[in-house]
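Residues per chain are reported as follows:
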Amino acid sequence: MRLPLDIGKRLRRSAPFERRLFGRWWRRQSPARQDRYATLAPLASVLLFLAAIISAFWYLRNEELQRAGDSVRRDTEVAQQHIRLRLIENEEQLGRIAQELVVNRPDRNLFLRNAADLIREHPEISRIYWLDTGRGVVAAQSAHGYRTDNDPAEVAAQRGNSLPREGTDSAPESAFRAARNTRDTVYSAAFTDNAQTNVVQVHVPLMVRNVFLGMLVAEYPAESLIRVLVPNDVSARHAISLIDPKGRLLASTVMLMPGQDLRAATISHDVPVLSSGNALMLRGQGYRTSGGLVGNTLFWMVVALSFLTVWTLLITWRHMRRRSQMQTALVSEANFRRAMENSMLTGMRAMDKEGRITYVNPAFCEMTGFSEQELIGRTPPFPYWPPDRQEESHRLLQQELEGRSPAGGIEIKAMHKNGDLFDARMYVSPLVDPKGQQTGWMTSMTNITDAKRVRDQLAASHERFTTVLEGLDAAVSVLSVQQGELLFANRSYRLWFGSDALGHALLAGDDVDVIPGEVSEDFVENMGGLPTQELTAINSDPREVLIEPLNKWFDVRVRYLQWTDGRLAQMLIATDVTARRHAESQAASQSEKAQVTSRLVTMGEMASSVAHELNQPLTAIANYCNGMVSRVKNDAIEKDDLIAALEKTSRQAQRAGQIIHRIRAFVKRSEPQRQEASAQTIVDDAVDLANIELRRRRVAIHTYVAQRLPPLMVDPILIEQVVLNLLKNAAEAIDSAKLPSARRNIELRVVPRHTAEEGEVIEFRVTDMGPGIKPEVLARLYEAFFSTKPEGLGIGLSLCRSIIESHRGRMRAENLYNGGSVSGCCFVFTLPVEPGRIEALPSPNAAVIS
């Protein structure tokens, strides 16, 4: 854009106007301010000049650093590309060797030839191992061509920490597991081998149809990666280093002198070497070639001249400042006094010795509603005295003039100009002149109406809160932690324990004897020296305590709080739960009776089967006895035949006795007792009893119990009752449905399981091929007194579920489907395994009983 030709004339015409405007502004300033401006202008010019010089030096230095940083970054990325491309090429070569090993018949000589060719063409690789699935060395090839590398045993002995070892957390083992699990190539973290060389391994899995056959492991010394793969021109310009994620130096293109540290470089750039993960980092480093800003001689000359000029100007400004100090001090003193008077919320009133008001501040005027002109010069009675309190106000004023006012102040009633009364507190002090003579009295007055109202409200609130605590049925007590003093106790506490701290100690579980009326030094809790804030944030779990002198159970809750005087105190709330404890005891007794009744009902339902089972050995005994009697009468039996017949009779009697013993042990009334029990024993006893009913109904049972199951802490009779009930229900469902022989089967499986909710458990699963359960029945399956059998009581499954849940287990039922039709039913319950009792994992070989 072209400027007008007369721009110079216009500027010359506007210059006088600007000078006149500046002249008028300058004449309006005070002489002191003119002197200050005259001094500050050169100072500002010098500072601006110094800032410009520093900015120029700083800009040039940053430009140099930027160029050096770009060069380091560019060379680092070039080295990264060379190393990454070579590593990808090596991965492909290792993949082809692995493919030849898995496609053809595994050949050790073929591997050694291919590995030797690869190492010869790629000198950055120092060794290649062929490992089997168990981490054993099948073959190995070294870049040095040692014959010992061809002996797997010797390789394992010499290169121990370079090989993965099961059960360790070494870098080779972690990479081996990762490659085996992901079925893909994995690079290990950098580690130090037996030769104290930093190396990195690449693991290539040998896979055939997703079956893991072994591992190819190639080993890269960090020094070889830098020496072979970093271009010479890059290493000539900058220091290129390999580091691990923690910043540990693995290898570098420069040889470090003793005491030298590459981290001292002023410019560095880090990039990951591998395409996935940050297991190996490449760091490029450079140094700034020129000196810093501080080392520049010209810079220091400019700074020295600037500081000399500033020092001269500051001395001149100091002399001018002294000229105006007196005037400024006077103005500041007046302003300070006025500001203090106006900012105070406390009313100030000064009187002479005759009681005449000589001074009031704005706060006093605002408090009473009268102006300063209406109050100064007034004598008693003052306008803010209430009419009905004139005599009392005269008495207090006379007491003030005589100097007998209490140090804590006087509480009075005052009246606002509009007639409103307010409460105030007055403090009086004498006024003394510079000669030490008293000239009057200074009175400060504070409006305490709101504070008094709040205090009254707090007192009323405290009274209401105390009334509520006194009306509680629970005992509430507060005890000082340091002194052992009972600070508060409500009516219920006093009714049960009296007014001493002994009851609090009994409820809190302390074993310290507290003597009523005395403070025991031992009754100071261990937490008495801890910070109050941390203790008051602690909430203890509720617990139940039996107080034997009262024969009562209490639910006790304890927490720490800070008392009104700042002391640390312990609050305790104890609720009488004796009735609930008695009810729980009665409920447990009723549950035990129901369990015994259920077992008796089960045996009653199996009475015909038991009779049939006992009839067989008894009939055999009778037949043996009749035969022996007949042959003895006819003298037609030998001694050996008689002994054989008697042994058969004894075995049949033992068989009948075992049946009766099992039934008696099952229905015997005993206290519930948790003990260490074997799942195999529980299943055997339950199946022996269930077989009586199953044989009568012509139902076959197949059991599967995993071996080496951990022991269970259960009541074995109750768990046996649950298993028997489920087997009997399954047999009844199959028999009532008139199913063919192919579907008259029951399967009982006992296996370990691990779930996120329950952890380690033992699972009992009873599966039948019956008609299943209707959906409406499945919803009410565990409802008490609900049964689908005409003669059923409806307590069997409900009781089973209660037994399992009392052992901290779970029980569920579901239908089995074949397509869209029901093909059977499955009942499952689990029992938890105690921590530390898991002996071993289950073996695939398990006992199967048909």
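Here is what the cut-offs are and how they apply
- Residues numbered from 1 in each chain as written.
- Predicted model: local features only at pLDDT ≥ 70, side-chain atom pairs only at ≥ 80, totals over all residues.
- Heavy atoms only, no water.
- Helix = DSSP H or I, 4+ residues; strand = E, 2+ residues; numbered from the N terminus.
- Buried < 20%, exposed > 50% of the residue type's maximum accessible area, 1.4 Å probe, protein only.
- Contact = heavy atoms within 4.5 Å.
- Areas by Shrake-Rupley, 256 points an atom, 1.4 Å probe, with all protein chains shown as cover.
- Core = buried A, V, L, I, M, F, W, Y, C linked by side-chain atoms within 4.5 Å.
- Axes fitted to C-alpha atoms, helices over the stretch in contact; angles between N-to-C directions.
- Parallel < 35°, antiparallel > 145°, perpendicular 65-115°, else oblique.
- Left-handed = near helix turned anticlockwise from the far one by under 90°.
- Nonpolar A, V, L, I, M, F, W, Y, C, P; charged D, E, K, R; others polar.
- Pairing = 2+ DSSP bridges.
- Salt bridge = Lys/Arg side-chain N within 4 Å of Asp/Glu carboxyl O.
- Polar contact = N/O pair within 3.5 Å; in protein donor to acceptor, adjacent residues only side chain to side chain.
- Phe/Tyr/Trp six-rings, centres within 6.5 Å; stacked < 30°, edge-to-face > 60°.
- Lys NZ or Arg CZ within 6 Å of the ring centre and 35° of its normal.
- Patch = residues over 30% accessible without salt bridge, like charges linked within 9 Å, V, L, I, M, F, W, Y side chains within 5 Å.
- Expected span 1.5 Å × (residues − 1).

1. Concerning the overall build of the protein chain
Helix and strand content of the protein chain: 23 helices and 28 strands. Across the 850 residues that make up the protein chain, the buried fraction comes to 38%. For the protein chain, the share of sequence-separated contacts (at least 6 apart) that also reach a separation of at least 24 residues comes to 58%. Total accessible area computed for the protein chain in this model is approximately 49,800 Å², and 54% of it derives from carbon and sulfur atoms.

2. Focus: the environment of Thr-185
Assignment of secondary structure puts Thr-185 in the loop between helix H5 (171-182) and strand E3 (186-187). For Thr-185, a relative accessible area of 26% puts it in the partly exposed group. When the C-alpha atoms of Thr-185 and Pro-205 are compared, they prove to be 6.8 Å apart, with 20 residues separating the residues in sequence. The residues touching Thr-185, leaving out its near neighbours within four places in the chain, are Glu-91, Val-202, His-203, Val-204 and Pro-205.

3. Topic: the nonpolar core
Within the largest apolar cluster, 50 residues are counted, with the highest numbers of intra-cluster contacts made by Ile-746, Phe-764, Phe-827 and Phe-829. Among the elements that take part in this core, helix H21 (residues 716-736) stands out by supplying ten residues, more than any other. Here Phe-829 is in contact with Ile-719, Val-722, Val-723, Leu-726, Ile-762, Glu-763, Phe-764, Ile-804, Arg-810 and Met-811, once residues within four sequence places are set aside. Formed by 41 residues, the second largest nonpolar core is a distinct cluster that contains Ile-83, Ala-190, Ile-226 and Leu-242.

4. Brief notes about the packing of helix H20 (residues 679-697) against H21
The angle between the axes and the distance between the axes are what describe a pair of packed helices. Look at H20 against H21: their axes get within 9 Å of each other, and the N-to-C directions meet at 25 degrees. For the element pair H20 / H21, the angle class is roughly parallel. Where H20 crosses over H21, the two elements pack in a sense that is right-handed. Contact with H20, carried on its side by Ile-682, Asp-685, Ala-686, Val-687, Leu-689, Ala-690, Glu-693, Leu-694 and Arg-697, involves Pro-716, Ile-719, Glu-720, Val-723, Leu-724, Leu-727, Lys-728, Ala-731, Glu-732 and Asp-735 of H21 and no other residues of that element. Split into classes, the residues belonging to the contact of H20 with H21 amount to twelve nonpolar, no polar and seven charged.

5. A look at the sheet that holds strand E15 (residues 438-447)
As summarised here, the arrangement of the five strands in space is E12-E11-E15-E14-E13, forming an open sheet in which the pairing is antiparallel. The open sheet has two free edges, formed respectively by strand E12 (357-360) and strand E13 (410-415), since each of these has just one partner strand. This sheet shows a mean twist of 35 degrees between the axes of neighbouring strands, independent of strand direction. Where strand E11 (residues 347-352) meets E15, six bridges bridge the pair, whose relative direction is antiparallel. Within the sheet, the bridge partner assigned to Asp-352 lies in E15 and is Gly-440.

6. Side note on the pattern of salt bridges
Across all of its chains, the model carries 30 salt bridges by this definition. The salt bridge involving Arg-120 is made with Asp-117; its shortest N-O contact spans 2.4 Å. Taken together, the positions of Arg-120 and Asp-117, both in helix H3 (residues 108-121) and three residues apart, correspond to about one turn of that helix. Residue Asp-117 is classed as partly exposed on the basis of its relative accessible area of 32%. Of the charged contacts, one joins Arg-248 and Asp-244 as a salt bridge, the two residues approaching to 3.2 Å between their closest N and O atoms. Relative accessible area serves as the criterion here: at 35%, Arg-248 is assigned to the partly exposed category. Residues joined in a network through salt bridges with shared partners are Arg-135, Glu-166, Glu-173 and Arg-177.

7. Observations regarding the side chain of Ser-241
Here Ser-241 lies in strand E7 (residues 239-243). A relative accessible area of 1% places Ser-241 in the buried class. A distance of 3.2 Å separates a polar atom in the side chain of Ser-241 from a polar atom in the side chain of Ser-252.

8. A short note on the environment of Tyr-359
Considering the arrangement of structural elements, one finds Tyr-359 in strand E12. Among the residues examined, Tyr-359 registers a relative accessible area of 21% and is labelled partly exposed. Expressed as a C-alpha distance, the spacing of Tyr-359 and Met-348, which sit eleven residues apart in the sequence, is 7.8 Å. The contact partners of Tyr-359, leaving out residues within four places of it in the chain, are Glu-341, Met-348, Arg-349 and Ala-350.

9. Let's talk about unusual backbone geometry
Along the chain, Pro-380 connects to Pro-381 via a cis peptide bond; the corresponding omega equals 0 degrees. If you check the backbone angles, Arg-209 has positive phi at about 55 degrees while not being a glycine. As for its placement among the helices and strands, Arg-209 is situated in the loop between strand E5 (198-208) and strand E6 (211-221). Judged by relative accessible area, which is 82%, Arg-209 ranks as exposed. With a phi close to 60 degrees, Arg-808 is a non-glycine residue in the positive phi region. For Arg-808, the position within the fold is in the loop between helix H23 (796-806) and strand E26 (810-818). The exposed category is assigned to Arg-808, whose relative accessible area is 55%.

10. Points about the packing of aromatic side chains
Any two aromatic rings considered together are summarised by their centre-to-centre distance and by the angle between their planes. Under the definition given, this model contains nine aromatic pairs. Each ring, one from Phe-764 and one from Phe-829, has its centre 4.8 Å from the other, and the planes form 5 degrees; the classification is stacked. With Phe-764 in strand E25 (residues 759-768) and Phe-829 in strand E27 (residues 821-832), the pair connects residues that are 65 residues apart, well separated along the chain. Across the pair, Phe-829 and Phe-764 agree in class, each one buried. Members of the aromatic cluster, each reached through a chain of ring pairs, are Phe-364, Phe-382, Tyr-384 and Trp-385. Positioned above the aromatic ring of Tyr-704 is the side chain of Arg-749, whose terminal nitrogen or guanidinium carbon lies 4.3 Å from the ring centre.

11. Looking at the sheet that holds strand E10 (residues 281-286)
Pairing between sheet strands relies on hydrogen bonds along the backbone, with the strands arranged either parallel or antiparallel. Strand order across the open sheet formed by four strands is E8-E7-E10-E9, with antiparallel pairing between neighbours. Looking along the sheet, the strands with just one partner apiece sit at the ends: strand E8 (249-252) and strand E9 (267-272). Each adjacent strand pair in this sheet contributes to an overall mean axis angle of 25 degrees, direction not counted. Pairing of E9 with E10, which is carried by six bridges, proceeds in the antiparallel orientation. Residue Ser-268 lies in a different strand from E10, and its bridge partner there is Gln-285.

12. Structural notes on a nonpolar patch on the surface
The grouping of Leu-308, Trp-311 and Ile-315 at the surface amounts to a nonpolar patch, some 320 Å² of accessible area in total. Looking at the secondary structure, you find Leu-308 in helix H8 (residues 297-323).

13. So, H5
Between its first and last C-alpha, H5 extends 16 Å over twelve residues, near the 16 Å set by a 1.5 Å rise per residue. Residues of H5 that are buried sit in contact with strand E1 (127-131), E3, strand E4 (191-192), E5 and E6. Positive phi appears at Arg-183, one or two residues downstream of H5, with a value of about 60 degrees.

14. A closer look at the pairing of strand E16 (residues 475-480)
Most of E16 sits out of view: six of its six residues are buried. Burial along E16 is two-sided: Ala-475, Ser-477 and Leu-479 and Val-476, Val-478 and Ser-480, pointing in opposite directions, are all buried. Two elements, E16 and strand E20 (residues 568-576), share six bridges in a ladder whose sense is antiparallel. Of the residues in E20, the one forming a bridge with Val-478 is Met-571. For E16 and strand E17 (residues 486-489), the ladder comprises three bridges, and the chain directions are antiparallel. Within E17, the residue paired with Leu-479 across the bridge is Leu-486. What sits between E16 and E17 in their antiparallel hairpin is a turn of five residues, with Gly-484 showing a positive phi close to 70 degrees.

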